Amino acid sequence: MLSMQSTFDQFYVSANNESIRSAHEGLLDKRLVFGALSFGYLGELIPGELTSRKRPRSRIVIDPEAADLVRQIYRWYVEERMQTIQIMRRLNAMSEPMLPPNCKSGRWTRGAVERVLKNRRYRGCWEYGVTESVYLPEQDYVTKHFRAEPLRAAQIEELRIVTDELWHAVQVRRLDGGHGGRNANDGDSVKRPVLLNGIFVCPAHQEKQRLWVGGNRGQYMVCPVCQGIESKSRPLFSMLNRELAAQLTCHKCAELLMASDETLIGEVVSACQAEVQESQLPDPGQVARLKSELQGLSASIAAALRNPGVTEADQAETDSLVRDFRSQRAKVAAKLGFLGSALTRAIRVPTVDEVREMLTNLEQILLDGATRDPERVNLVRSTVELLTGGEIELFQAGEARSHGGWLQGRFKLHLLNCLVKKVTGVSALLEHPAVEVIIDYREAPRAKPSLYAPRRFTTKIS
Ligand SMILES: [Zn+2]
């Protein structure tokens, strides 16, 4: 009897589910409030309309103050490289912190910050039915499963709070594992700075290998693959002194900014002007062209997949063809998305003074170099990443013997692109010329370290 009734119950519930779901999907389409709202949004009452439960009906709108805070959290995470725990503390330190909805503890938690950082709604992507509740009658228990695809997804630009670019930058950093490595056990962050952990790579191997901390008392960085190769044929023989590397890299980056003060300021301003023109270019034809190109590529891929060929050579050819088409299609799709966001993004051309102030700021950050203050370290790190693109390739220079050589770092610097991004907050559409920057990681030959005097690395800035 009981089992009969439970079967009826389940039947009744599942029959109802469908209508509830479709009603919710309809509400999403009309931007009406259902379920819990995320931080950053409000329900705006619609006068005169009632829900079926005779409650006032409301529409989803952006809460301007909370939206500002969301953007701030995103920028803290990406631009200042703050960790979620630091963001949590900063939020709780505010005089009257705005709290996430349904917050019972009265303070921000790491989980709440995490949820803000991964919420897709902030980029206008609203989904319904991402998870599914499954009732297990035997256990009398409800579990949640992720559906393979959400029941309904809609792109709602009016409810966008952050740009696609910022949102993706946050996701890249979240998945990247954040910062590189732990602090030194003994707290000596001068000899063992974490500043550049994860930035150096050894390009000699098939996939560029990131350098690890190693050597005497963890004061060096080494390529773990090279360490496993006989010393005669080891691509990177010398080890990289972490203290020296941090100082020289910061100095070099500062030097690059100082090199051409007034001309550089003018160039940044005119590059920003060019960006504004590029992004305001009234060319709806380009969007249409890209869309038809996208369709054409999809059609070609489908055609190639329908006729993969008979022989192995044919099939290999089809494979490489499809791969090419797919990579082209990805590029076109990315460009289309970028144009879409370019049309909605507003860039303001900065004044000469603003650019000068930004440059002075960056220089100061770099010249301060590796300080002990963890929040400053993040700032220095993000500045170095901005200029180097987050990667410095290392090569062996001099002789591959003890005290006979040193490592040379190289990276491509797109100076104007970096500065335009820094000052406008969005990536440049135009490609500006790049230069290759070379840093020799060795002590200046003249300054021989004395046994008794404190060691200092001198760098010449000319
Ligand atoms: Zn290596």
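Everything below is about the structure printed above this text.
Keep in mind it's a predicted model, so treat the numbers as computed, not measured. (Residues numbered from 1 in each chain as written. Predicted model: local features only at pLDDT ≥ 70, side-chain atom pairs only at ≥ 80, totals over all residues. Heavy atoms only, no water.)

Enquirer: What is the right way to read the coordination of the zinc ion from this model?
Expert: Octahedral metals with six donors have ideal donor angles of 90 or 180 degrees. Tetrahedral metals with four donors have an ideal donor angle of 109.5 degrees. Bound to the zinc ion are the protein donor atoms Cys 202 (SG), His 205 (NE2), Cys 223 (SG) and Cys 226 (SG), situated 2.0 to 2.3 Å from the metal. One can describe the site at the zinc ion as tetrahedral: its four donor atoms subtend angles covering 101 to 116 degrees at the metal. Residue classification places His 205 among the buried residues on the basis of a relative accessible area of 15%. (Donors = N, O, S within 2.8 Å, 3.2 Å for Na, K, Ca; no water. Tetrahedral: all angles 85-135°; square planar, octahedral: opposite > 155°, others 65-115°. Buried < 20%, exposed > 50% of the residue type's maximum accessible area, 1.4 Å probe, protein only.)

Enquirer: Where do I start with the pairing of strand β3 (residues 125-128) in this structure?
Expert: Side-chain direction in a regular strand flips from residue to residue, so the side chains alternate between the two faces of the sheet. Burial of β3 is two-sided: the residues Cys 125 and Glu 127 facing one way and the residues Trp 126 and Tyr 128 facing the other way are all buried. Note that β3 and strand β6 (residues 152-155) share four bridges and pair antiparallel. Bridging from a neighbouring strand, Trp 126 pairs with Ala 154 of β6. (Helix = DSSP H or I, 4+ residues; strand = E, 2+ residues; numbered from the N terminus. Pairing = 2+ DSSP bridges.)

Enquirer: What should I look at first to understand the nonpolar core in this one?
Expert: Most often, soluble globular proteins have nonpolar side chains that are buried together. Grouped together as the largest cluster of nonpolar side chains are 53 residues, with contacts concentrated most on Phe 200, Leu 419 and Tyr 441. Here this core takes nine residues from helix α7 (residues 242-258), the largest share from any one element. If sequence neighbours within four positions are ignored, Tyr 441 has contacts with Phe 200, Leu 240, Leu 244, Ala 245, Leu 248, Thr 249, Ile 392, Leu 394, Trp 406, Leu 407 and Gly 409. If you look at the next biggest cluster of nonpolar residues, it comprises 35 residues, including Phe 34, Met 82, Val 113 and Tyr 128. (Core = buried A, V, L, I, M, F, W, Y, C linked by side-chain atoms within 4.5 Å. Contact = heavy atoms within 4.5 Å.)

Enquirer: Please explain unusual backbone geometry as it appears in this structure.
Expert: Most of the time, phi is negative for any residue but glycine, and the peptide bond is trans. For Arg 217, which is not a glycine, the phi torsion comes out positive at approximately 50 degrees. Within the secondary structure layout, Arg 217 lies in the loop between β9 (212-214) and β10 (220-222).

Enquirer: Hey, could you run me through the packing of aromatic side chains in this one?
Expert: The description of an aromatic ring pair rests on the distance of the ring centres and on the angle between the ring planes. Under the definition given, this model contains five aromatic pairs. Each ring, one from Phe 39 and one from Trp 108, has its centre 5.2 Å from the other, and the planes form 90 degrees; the classification is edge-to-face. Of this pair, Phe 39 sits in the loop between α1 (2-29) and β1 (41-50) while Trp 108 sits in the loop between α3 (84-93) and α4 (110-118), and the two are 69 residues apart along the sequence. Pair check on accessibility: Phe 39 and Trp 108 agree, each one buried. Centroid distance Tyr 41 to Trp 126: 5.0 Å. Interplanar angle 70 degrees. Geometry classified as edge-to-face. With Tyr 41 in strand β1 and Trp 126 in strand β3, the pair connects residues that are 85 residues apart, well separated along the chain. A relative accessible area of 5% places Tyr 41 in the buried class. Taken together, the ring pairs in this structure connect Tyr 41, Tyr 74, Tyr 122 and Trp 126 into an aromatic cluster. Directly above the aromatic system of Phe 395 lies the positively charged group of Arg 410, at a separation of 4.0 Å from the ring centroid. The aromatic ring of Trp 406 is capped on one face by Arg 442, whose charged end is 3.6 Å from the ring centroid. (Phe/Tyr/Trp six-rings, centres within 6.5 Å; stacked < 30°, edge-to-face > 60°. Lys NZ or Arg CZ within 6 Å of the ring centre and 35° of its normal.)

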